[in-house]
Structures are given as C-alpha cells and as structure tokens.
Amino acid sequence: MTSATEAAAPASATVRDITARFHHLATTQPDRVAIIDRHRSTTFADLWQLAYQDAVHRPADQTIVPVAARPDAATMAAALGVWLTGGIPLPVPAAARLKTLNAAVQRATGVAHTCRPWRAYLHAEPGARHICVTGGVPPTDRRLGDAIGLTSGGTALITAPLHAAAIFEAAVRQLLAGGTIVLRHEFEPDDWLATAVETGADWAVLAAEQLIALIRHQEAIDGWLPVATRALRRVVVPAAVPAVNTGYLAALTTHAGAAVTAWYHAPAYDGALSRAGGPPNVLTPLPGIHLRIVDPCGRPTPHGVAGLIEASSSRGATSHRADLPCTPAGAWRTAGDIGTLDTDGNLTLRRLEPARHYLDPAGARVTVAALRETLDAHPDITAHTIHVVPDDDGQRRARVQVWTRTALNPAAVARHCAGRGTATSAAHIIVNDARSEEPFTADTR
C-alpha cells in the first residue's frame, strides 16, 4: 500500500514518521484492536485499509484538511488518510459548516512551515476564530506520552470530543504506542463506569465538565466508582483551567483510587502536568518545554511574583497560527494566563481568564475589543495578540504583539492606537516583521 504515499504531496518528516509507524503496526500487529466504538472493533490492519481507501479519494495538494470529528474509527481513518496524502488533519465538530472554514484554510495553505506541524485545530478568540497548527514533540516520541500516562499496548477510554486539540492528540499518541482507544459519543456517568468495566481500560481522558459531572453524580454511584475504576491507573484531565477543578480532582482521586493528572494544555502550547499527589494547580513542565513568567514589559519576574506565563521549546513553540510562519526555536509564546514559578521551576496557575479591559497610560479604562478593532484597522498590521497583565502596582495593562508587512516600530503603533482612542504604552508593544519574524521593541530607557 505504498502507492498512496508515492503519489502524495511532500510531507513533513513528522507526518512521514506517523504514517510509517501506523504501517508498521498494521503489518506486525494486524489483528490487534486499535479502536472500539459504538459500532464495532477496528484492528490496525482495518484502520490502515480504511485510511488507504480514504487517501485514494483525496487530492494530494491540500495542506490543511478539515475532518469531521465523530467518536468512531472512521474519524481516525480519515485523519490517517490525510497524513498519507502529505496533509495535516484539522478535526472539527461534526456539525461544523465546512464552507465557513474555506477562507481560513486557504490563508493557511499558502504558508510554508519549517517546524514540521502534524495536526491543526480551531482556536477561538473573542470575535475571531483561527486555525492553529502543531509541531512540538512528535506523536511518535514517547516522552510526552509517558508523562501523561499513556500505556504501550494498553487501553484508553476517551469520551471527550475528538475535535478538542488535546483529546485528538492523546488518541493519536495512544494508537502510535500500539494501544487501543475506546471512543464514545457522549458522556453519561453510569455509561462511562460500565464502559470502564467492560473494556478494562487502564487509563482514561475526561474533559473538565465531564469530571465535574462524574463527581456530582457521586451520591448516586456511591461505592460503584472505586469498583468500576479499579483497573484505571490514571485519569487525565486535559483542561486549560485545571485550577478551577482542584476540588473535583481531589475528590476523584479519593474515590477512584487512580492517579489524576491535570494537563495544562494551553491554546499556544502544551504546557505542564500536575504532579501525582500534589495540588492540581501546581504544575511541572512537560519534557522539552521551558516556562517563564514575565511582567508587562516582557521582563522575567522573580520567583513567586505573578505575571504572564510564557513557554518555549527546542523545536519552537508547539502551536502557532497556521497563516503565520513558524515560531523560531527558543522563541517564547503565551496563552495569556497568569501564574508564578518557584525555585524548582514548578508553575502555579493564578488567573486563567483573560481580562476584558485594561488601563491606558493615563489611567482610563479601555476595552480589549476596542483595541482589537484599532489594530485590525491598521493597513500594515497582518496579525496581533493582546494580553492583559498586572503591572508593578497591580493595575491591568495591555501587552500587545503585532506582525506587520512594513517596518513599523512600537511608537508608530502606539500613535495609531492613541489616535483612535485606545491608547497603550509603546513600552508594552512588540512589533514583529511578518517576513522575517525579527521583533522591534520599544527603547524603555
């Protein structure tokens, strides 16, 4: 079945590694069950055959390809089919109108990515929705899988939606480890517990709201939870806001007996994991990820001082907007959340929802939405990010990054903003040349 790959568009090294690994599993363990859904069990040989049939009908010149994410083997086969044609799958909700994504897909398709991305996902911001792509630690690399508790040859119970970035990644990593994934359409506590018993799953993935539903259902299943989850070694909650779920994580650990890990999967990077037995909002960086805390001017803060969480990796940031070039290796990215670092490098999450307004240099209140409109109106600004962080006095200020097609400087951007009534300090503005990724920062002396 090599003809599909021979005819495919040039694929990244990571995508070639993924397809090679799936082919190896299909030929060496053809009868091993890869996926169990509501309809049937699908072996690795079946999955490869379904993917090959899908790839034959796909054009080989597509870069990012939307895939309707349903909890079944066909979804994973479609994603593998995209990889076989050299593309990058974009799991989207099954009810999504694919026509509305065409413009974003076309913008992203014309960008050459050197960071070897292997998947894409939708990232929603207030008033906008972007396609992001992920490189980072390849799914064939066992380090991240080992960190979140994946088991070679084991069984994972996944009831969270596959279009969620972390959920899709966990499913792919489990399959590439030669394991089995159990997919279900929707979460209902009794059904989840029965499925855990029926399949003998040794680890599970729960979305944050599913975790809450399970614990709130505790009175109705008293005594049933520890029995049903006896085989589980670990429950992973890939939540971008694990601090909110501290009490629920502790309750599940107490009642289930399994280790519960919160996976801080921020929109811009795969950040950190809670330590077994430790507070869920105290997190340790994943392998290959470096974290730091900065003030509104981008200067690293002392240990224990709250500020904006940023991350980098030797491969470049794990995610970035698909219509922008890759972030260079060692460059820093942020998700806009607030936290602190201790002397051992552990991260404590402090605030996880972006502020809706900030104070301008004169102390007047300005909405982030108005600032976003101001930046959108500048003809030379191609993209931007806005994060509101506390300054030394605890007042919230806007920290802005823009990408431009001309050599703007922070002072010019600040003048543009002030002229439209959304003033922000030039010292808090970073300008990136969209062509070279070289930043221009204000001289704060």
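In this report, we go over the structure that sits alongside the text. (Residues numbered from 1 in each chain as written. Predicted model: local features only at pLDDT ≥ 70, side-chain atom pairs only at ≥ 80, totals over all residues. Heavy atoms only, no water.)

### Focus: the pairing of strand β11 (residues 259-266)
For step 1, the next point in the chain: Most of β11 is tucked away: seven of the eight residues are buried.
For step 2, the next point in the chain: Where β11 lies against strand β12 (residues 269-274), four bridges are found, and the strand directions are antiparallel. Pairing of Y264 across the sheet is with A272, part of β12. (Buried < 20%, exposed > 50% of the residue type's maximum accessible area, 1.4 Å probe, protein only. Helix = DSSP H or I, 4+ residues; strand = E, 2+ residues; numbered from the N terminus. Pairing = 2+ DSSP bridges.)

### Notes on the pairing of strand β18 (residues 347-351)
For step 1, the next point in the chain: Alignment of strand β13 (residues 282-285) against β18, held across two bridges, turns out to be antiparallel. Its bridge partner being in β18, V282 is matched across the sheet by T348.
For step 2, the next point in the chain: Pairing of strand β17 (residues 333-341) with β18, which is carried by four bridges, proceeds in the antiparallel orientation. Bridging from a neighbouring strand, L341 pairs with L347 of β18.
For step 3, the next point in the chain: Joining the antiparallel neighbours β17 and β18 is a turn of five residues, in which G345 adopts a positive phi near 85°.

### Quick word on helix α7 (residues 165-176)
For step 1, the next point in the chain: In this model α7 runs 17 Å from its N-terminal to its C-terminal C-alpha over twelve residues, within 8% of the 16 Å that 1.5 Å per residue would give.
For step 2, the next point in the chain: With twelve of twelve residues buried, α7 lies mostly within the body of the structure.
For step 3, the next point in the chain: Among the residues of α7, A165, A166, I167, F168, E169, A170, A171, V172, R173, Q174, L175 and L176 are the ones counted as buried.
For step 4, the next point in the chain: Looking one or two places after α7, you find G178, whose phi comes out positive at around 80°. (Expected span 1.5 Å × (residues − 1).)

### Comments concerning helix α2 (residues 13-28)
For step 1, the next point in the chain: Its 16 residues give α2 an end-to-end C-alpha distance of 22 Å, which sits within 8% of 22 Å, the value for a rise of 1.5 Å per residue.
For step 2, the next point in the chain: Among all positions in α2, only T14, V15, I18, T19, F22, L25 and A26 are buried. Buried residues of α2, viewed axially, fall in a sector of 135°; they line one side.
For step 3, the next point in the chain: Contact partners of the buried residues in α2: α3 (44-56), α4 (73-84) and α7. (Arc of directions from axis to C-beta. Contact = heavy atoms within 4.5 Å.)

### Some details on the side chain of D37
For step 1, the next point in the chain: Tracing the chain through its elements places D37 in the loop between β1 (33-36) and β2 (41-43).
For step 2, the next point in the chain: Among the polar contacts made by the side chain of D37, one reaches the main-chain amide nitrogen of H39 at a distance of 2.8 Å.
For step 3, the next point in the chain: In this view, D37 contacts P71, D72, A73, L183 and R184; residues no more than four positions away in its chain are not counted. (Polar contact = N/O pair within 3.5 Å; in protein donor to acceptor, adjacent residues only side chain to side chain.)

### Here's the deal with the environment of R399
For step 1, the next point in the chain: Mapped onto the elements, R399 comes out in strand β22 (residues 396-404).
For step 2, the next point in the chain: Residue R399 is classed as buried on the basis of its relative accessible area, which comes to 7%.
For step 3, the next point in the chain: The spatial distance from the C-alpha of R399 to the C-alpha of S425 is 8.6 Å, given a sequence separation of 26 residues.
For step 4, the next point in the chain: Sequence-distant contacts of R399, defined by excluding residues within four places in its chain, comprise V294, D295, P296, G298, L308, E310, T385, I386, H387, V389, H428 and I430.

### Some remarks on the packing of aromatic side chains
For step 1, the next point in the chain: Counted under the stated rule, the structure contains three aromatic pairs.
For step 2, the next point in the chain: Relative to W118, the ring of W83 lies with its centre 6.2 Å away and its plane at 40°, an arrangement referred to as tilted. Of this pair, W83 sits in helix α4 while W118 sits in the loop between α5 (102-109) and β5 (119-125), placing them 35 residues apart in sequence.
For step 3, the next point in the chain: On the basis of relative accessible area, W83 is assigned to the buried category, the value being 2%.
For step 4, the next point in the chain: Taking relative accessible area as the criterion, W118 reaches 0% and is therefore assigned buried.
For step 5, the next point in the chain: Considering the side-chain rings of W83 and F168, the 6.3 Å spacing of their centres and the 35° angle between planes classify their relative orientation as tilted. Here W83 is found in helix α4, whereas its partner F168 is found in helix α7, with 85 residues between them in sequence. Each member of the pair, W83 as well as F168, carries the same accessibility label: buried.
For step 6, the next point in the chain: Through pairs of rings, three or more aromatic residues link up here, namely W83, W118 and F168. (Phe/Tyr/Trp six-rings, centres within 6.5 Å; stacked < 30°, edge-to-face > 60°.)

### Some points on the packing of α2 against α3
For step 1, the next point in the chain: At a minimum axis separation of 8 Å, α2 and α3 run at an interaxial angle of 130°. Regarding the angle of α2 to α3, the classification is oblique. For the element pair α2 and α3, the recorded crossing hand is left-handed. Side by side, α2 and α3 meet where T19, F22, H23, L25 and A26 of the first sit next to F44, A45, L47 and W48 of the second.
For step 2, the next point in the chain: Looking at the contact of α2 with α3 residue by residue, the classes come out as seven nonpolar, two polar and no charged. (Axes fitted to C-alpha atoms, helices over the stretch in contact; angles between N-to-C directions. Parallel < 35°, antiparallel > 145°, perpendicular 65-115°, else oblique. Left-handed = near helix turned anticlockwise from the far one by under 90°. Nonpolar A, V, L, I, M, F, W, Y, C, P; charged D, E, K, R; others polar.)

### Quick look at the pattern of salt bridges
Close approach of charged atoms allows side chains with opposite charge to pair.
For step 1, the next point in the chain: Scanning the model with the defined rule gives nine salt bridges in all.
For step 2, the next point in the chain: For R292, the salt bridge is made with E310, and the minimal N-O distance between the two is 2.9 Å. Linking R292 in strand β14 (residues 289-294) with E310 in strand β15 (residues 307-313), this pair joins segments that are 18 residues apart in sequence.
For step 3, the next point in the chain: Judged by its relative accessible area of 23%, R292 is partly exposed.
For step 4, the next point in the chain: Overall, E310 belongs to the buried group, its relative accessible area being 2%. (Salt bridge = Lys/Arg side-chain N within 4 Å of Asp/Glu carboxyl O.)

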